[in-house]
Amino acid sequence: MGFDKFESERLRGAFDGVFAIAATILVLELEVPVVEGTLERAELREIWLNIAQWLVSFIVTFVFWHEFHWIFRFAREFDIRLVVIVALEMACISLVPFASKVLNASDAHLIGSLFYITVMGSNVLLLTLANSIIIGAPHLHSTENADVHLRARRNLQLRIFTGVITASIVVTVMHDPWLGVLFWGLAPVLIALRTRSIQ
């Protein structure tokens, strides 16, 4: 079962809307600290960590949005598998603000950090699945050499995101949960650098 161009565009628009709402909620979750007297070092550290976490969450969510549109420009139409993947991707993107809130509210930062990493990792998995589905369905390709571009992008995504997920879990468990979350900030930098070097 295929979806015509209009329906595909509506699906892309819905994804854009979910991204916009998630990005807005992320910034609304930033709280102004209530401080009596001067700020202590621990309070300042907490404020900067919250801002850094917001920034990383926003940038990585933006990367997911960009990768989604990059992959789907090679899809002439959506079949039911891609519709399901897009719906799941929207669900995972919408969970990013909740994962951030769990991380900030959690007394056990380890559990909050691992939940955050799981949500981000689920987005990566869904992007890779969408890419693989399009590669394996030539009738969906929008260009003749779509599979070449998609394979190269999938390999890039797998190398970078697998490294980031592994490093963030190891750093979270072995050293500092906050640092494990901030490790996600490497993903967009590595993707940008690697993409530039292969163009």
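Look up: the structure comes first, before these words.
Quick caveat: nothing in here was measured; it's all calculated off a predicted structure.

Here is what the cut-offs are and how they apply
Residues numbered from 1 in each chain as written. Predicted model: local features only at pLDDT ≥ 70, side-chain atom pairs only at ≥ 80, totals over all residues. Heavy atoms only, no water. Helix = DSSP H or I, 4+ residues; strand = E, 2+ residues; numbered from the N terminus. Contact = heavy atoms within 4.5 Å. Core = buried A, V, L, I, M, F, W, Y, C linked by side-chain atoms within 4.5 Å. Buried < 20%, exposed > 50% of the residue type's maximum accessible area, 1.4 Å probe, protein only. Axes fitted to C-alpha atoms, helices over the stretch in contact; angles between N-to-C directions. Parallel < 35°, antiparallel > 145°, perpendicular 65-115°, else oblique. Left-handed = near helix turned anticlockwise from the far one by under 90°. Nonpolar A, V, L, I, M, F, W, Y, C, P; charged D, E, K, R; others polar. Expected span 1.5 Å × (residues − 1). Patch = residues over 30% accessible without salt bridge, like charges linked within 9 Å, V, L, I, M, F, W, Y side chains within 5 Å. Areas by Shrake-Rupley, 256 points an atom, 1.4 Å probe, with all protein chains shown as cover. Salt bridge = Lys/Arg side-chain N within 4 Å of Asp/Glu carboxyl O.

S.K.: If you had to explain the overall build of the protein to someone new, which residues and values would you point to?
M.R.: Secondary structure summary: the protein contains seven helices and two strands in total. The linear arrangement of helices and strands in the protein, starting from the amino end, is β-α-α-β-α-α-α-α-α. Here the analysis covers contacts within the protein between residues at least 6 apart in sequence; of these, 80% occur between residues at least 24 apart.

S.K.: Could you give me a rundown of the nonpolar core, with the residues and numbers involved?
M.R.: Counting 50 residues, the largest nonpolar core has F64, F72 and W184 as its most contacted members. Looking at this core, the elements that each hand over two or more residues are α1 (5-28), α2 (41-72), α3 (80-105), α4 (109-135), α5 (146-174), α6 (177-182) and α7 (186-198). The residues contacting W184, other than those within four sequence positions of it, are V56, V60, F64, Y116, I117, M120, G121, V124, F161, V164, I165 and S168.

S.K.: A description of the packing of α4 against α5 should follow, citing residues and the corresponding values.
M.R.: Packing of α4 against α5 brings their axes to within 10 Å, and their N-to-C directions diverge by 170 degrees. The orientation of α4 with respect to α5, classified from their angle, is roughly antiparallel. In the crossing of α4 with α5, the sense of the turn from one axis to the other is left-handed. Along the contact surface, α4 presents L110, S113, L114, I117, G121, V124, T128, N131, S132, I134 and I135, while α5 presents L150, R151, R153, R154, Q157, L158, F161, I165, S168, I169, T172 and V173. Its residues assigned to classes, the contact of α4 with α5 comprises 12 nonpolar, eight polar and three charged.

S.K.: Describe in detail α5, supporting the description with residues and values.
M.R.: Here α5 spans 41 Å end to end across 29 residues, near enough to the 42 Å set by a 1.5 Å rise per residue. When we look at burial in α5, the residues that qualify are A146, L150, R153, R154, L156, Q157, I160, F161, V164, S168, V171 and T172.

S.K.: I'd like a description of a nonpolar patch on the surface, backed by residues and values.
M.R.: A surface patch of nonpolar side chains, amounting to about 560 Å² of accessible area, comprises V27, L28, L30, L44, W48 and I51. Elements with a contribution of two residues or more to the nonpolar patch: α1 and α2. Among the elements that line the nonpolar patch, the one with the most residues is α2, at three residues. Secondary-structure assignment places L44 in helix α2.

S.K.: Tell me about the side chain of Q53, and please be specific about residues and values.
M.R.: Among the structural elements, Q53 can be located in helix α2. Look at Q53 and you get buried, because its relative accessible area is 1%. In this structure Q53 touches S100, L103, N104, Y116, W178, V181 and L182, once residues within four positions along its chain are discounted.

S.K.: Please give an account of the pattern of salt bridges that cites residues and values.
M.R.: The full count for this structure, using the stated rule, is three salt bridges. A salt bridge links R12 to E9; its shortest N-O distance comes to 3.1 Å. Highlighted residues: R12 and E9, both in helix α1, separated by three residues, approximately one helical turn. The buried category is assigned to R12, whose relative accessible area is 12%. As a salt-bridge pair, E67 and R153 come within 2.6 Å of each other at their nearest N and O atoms. Taken as a pair, E67 in helix α2 and R153 in helix α5 lie far apart in primary sequence, 86 residues in all. Across the pair, exposure class does not vary: E67 and R153 are buried alike.

S.K.: Pulling in residues and values, what's your account of the environment of S168?
M.R.: Looking at where S168 falls in the secondary structure, it is placed in helix α5. C-alpha separation for the pair S168 and V181, spaced 13 residues apart in sequence, amounts to 6.4 Å. Those residues within four positions of S168 in sequence are excluded, and the remaining contacts are I117, G180, F183 and W184.

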